[in-house]
Amino acid sequence: MRRLQHADGHSQVLASTVPNVQAYDPAFAYEVAEIVKDGLRRMYGEEPEDVFYYMTLYNEPYQQPEMPEGVAEGIVRGAYKFADAPEGCRHRATILFSGSAQGATGDAQQLLAEHHDVGAELWIVTSYKGLREDALSAERWNRLHPTEQPRTAYVTETLADAEGPFVAVTDFMKAVPDQIARWVPGTFIPLGTDGYGRSDTRAALRRHFEVDARNIVVAVLQALAQAGEGKQEAVADAIARYELDTEAPDSRTA
């Protein structure tokens, strides 16, 4: 969360403007290893490419899981499924996260299952820029080859079987996950840290920027309501349960 204390919620946005930068926001150490391996291959391999890598790392300590099987390609391409939804819930949703947002996302998954009858799948997005550029390439190919079999964006294809609406959580500005909004196959709500940085505890910062577990829960319930799979009353009940200040100033302008 140190980046927010120094008003750096925008570096991944700036990275998105550089054509040959490969921008990543990994959550776990095994992702870092795969990204570094890919960078060495592409920049220093037998046929070096004109690319360079930008990767955000964090000073927040948290437990590092083992690498799930079969996710290496997804790490490099930009997204992969990290955890199944809890069983036995009436409603389904999908939460996308990256970087140190993993902690609040995991807590939100538990709250949704225990108190709101919502089973949320967890997906990690290591590179929103990579997903966007792949989608733009697919669109361009389809436009220039109108009589051939159309290509599908990787983000659309890989999320095709994900259930329910989508909420994306990042410690960067909302503009970062917004890069893929129109290719996500369902209702999409981004949560991010728009506004100026400030010094405080991590918990207080995430509460201020509305990216903590409680705000993620409310966003998922709102997404379900927007998708016609839930009710606005459930959103209001969650706001009351978690004592969210509905009159607090928007962090974007506060």
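Remember, it's a predicted structure, so these values are computed and weren't measured experimentally.

Chemist: Looking at this model, I keep getting lost on the side chain of Thr-105. Mind explaining?
Modeler: Positionally, Thr-105 belongs in helix 5 (residues 102-116). Given the relative accessible area of 0%, Thr-105 is considered buried. What Thr-105 contacts, discounting residues up to four positions off in sequence, is Ile-95, Phe-97, Leu-122, Val-169 and Ile-216.

Chemist: Got a minute to help me understand the packing of helix 5 against helix 10 (residues 213-226) in this structure?
Modeler: In a packed pair of helices, the relevant descriptors are the angle between the two axes and the axis-to-axis distance. Helix 10 packs onto helix 5 with a crossing angle of 55° between their chain directions and a minimal axis gap of 8 Å. Considering the angle they form, helix 5 stands oblique to helix 10. The interaxial crossing formed by helix 5 with helix 10 has right-handed handedness. On helix 10, the residues that touch Ala-104, Thr-105, Asp-107, Ala-108, Leu-111, Leu-112 and His-116 of helix 5 are Ala-213, Ile-216, Val-217, Val-220 and Leu-221. The class makeup of the residues in the contact of helix 5 with helix 10 is nine nonpolar, two polar and one charged.

Chemist: I tried to follow a nonpolar patch on the surface on my own but got confused; where do I start?
Modeler: A cluster of nonpolar side chains, contributed by Val-36, Leu-40 and Tyr-44, occupies part of the molecular surface with about 330 Å² of accessible area. Mapped onto the secondary structure, Tyr-44 falls in helix 3 (residues 29-44).

Chemist: Can you help me understand the sheet that holds strand 4 (residues 91-97) in this one?
Modeler: Sheet strands associate in pairs through backbone hydrogen bonding, adopting either a parallel or an antiparallel arrangement. Taken in spatial order, the five strands make up an open sheet running 3-5-4-6-7, and their pairing is mixed. At either margin of the open sheet sits one strand with a lone partner, and together these are strand 3 (79-83) and strand 7 (188-191). In this sheet, neighbouring strand axes are inclined to one another by 25° on average, regardless of whether the strands run parallel or antiparallel.

Chemist: Explanation requested: the packing of aromatic side chains in the structure shown.
Modeler: Both the distance between ring centres and the angle between the ring planes are used here to describe each pair of aromatic rings. All told, the structure shown has five aromatic pairs when counted by the stated rule. Ring geometry for Phe-28 and Tyr-30: centres 5.9 Å apart, planes at 20°, overall stacked. Tyr-30 shares its class with Phe-28; the two are buried. Measuring from centroid to centroid gives 5.3 Å for Phe-28 and Phe-82, while their planes differ by 25°, and the two rings are stacked. A residue pair is termed long-range when its members are at least 10 positions apart, and Phe-28 in the loop between strand 1 (21-24) and helix 3 and Phe-82 in strand 3 qualify at 54 residues. Assessed through its relative accessible area of 4%, Phe-28 is described here as buried. Taken together, Phe-28, Tyr-30, Tyr-62, Phe-82 and Phe-97 form an aromatic cluster joined through their ring pairs.

Chemist: What is the right way to look at the pattern of salt bridges in this model?
Modeler: A side chain with one charge may pair with a side chain of the opposite charge, provided their charged atoms come close. According to the stated counting rule, one finds 15 salt bridges in the structure shown. The closest approach of N and O atoms between Arg-77 and Asp-134, which form a salt bridge, is 3.6 Å. Here Arg-77, found in helix 4 (residues 72-77), pairs with Asp-134, found in helix 6 (residues 128-144); they are 57 residues apart in sequence, far enough to count as distant. Residue Asp-134 is classed as partly exposed on the basis of its relative accessible area, which comes to 26%. Among the ionic pairs, Arg-252 bridges to Asp-250, the shortest N-O distance being 3.9 Å. Residue Arg-252 is classed as exposed on the basis of its relative accessible area, which comes to 52%. The exposure class assigned to Asp-250 is partly exposed, which follows from its relative accessible area of 39%. Here the salt bridges do not stand alone but share partners, grouping Glu-60, Asp-171, Arg-202 and Arg-206 into one network.

Thresholds applied
Residues numbered from 1 in each chain as written. Predicted model: local features only at pLDDT ≥ 70, side-chain atom pairs only at ≥ 80, totals over all residues. Heavy atoms only, no water. Helix = DSSP H or I, 4+ residues; strand = E, 2+ residues; numbered from the N terminus. Buried < 20%, exposed > 50% of the residue type's maximum accessible area, 1.4 Å probe, protein only. Contact = heavy atoms within 4.5 Å. Axes fitted to C-alpha atoms, helices over the stretch in contact; angles between N-to-C directions. Parallel < 35°, antiparallel > 145°, perpendicular 65-115°, else oblique. Left-handed = near helix turned anticlockwise from the far one by under 90°. Nonpolar A, V, L, I, M, F, W, Y, C, P; charged D, E, K, R; others polar. Patch = residues over 30% accessible without salt bridge, like charges linked within 9 Å, V, L, I, M, F, W, Y side chains within 5 Å. Areas by Shrake-Rupley, 256 points an atom, 1.4 Å probe, with all protein chains shown as cover. Salt bridge = Lys/Arg side-chain N within 4 Å of Asp/Glu carboxyl O. Pairing = 2+ DSSP bridges. Phe/Tyr/Trp six-rings, centres within 6.5 Å; stacked < 30°, edge-to-face > 60°.

The values are spatial; any link to function lies outside them.
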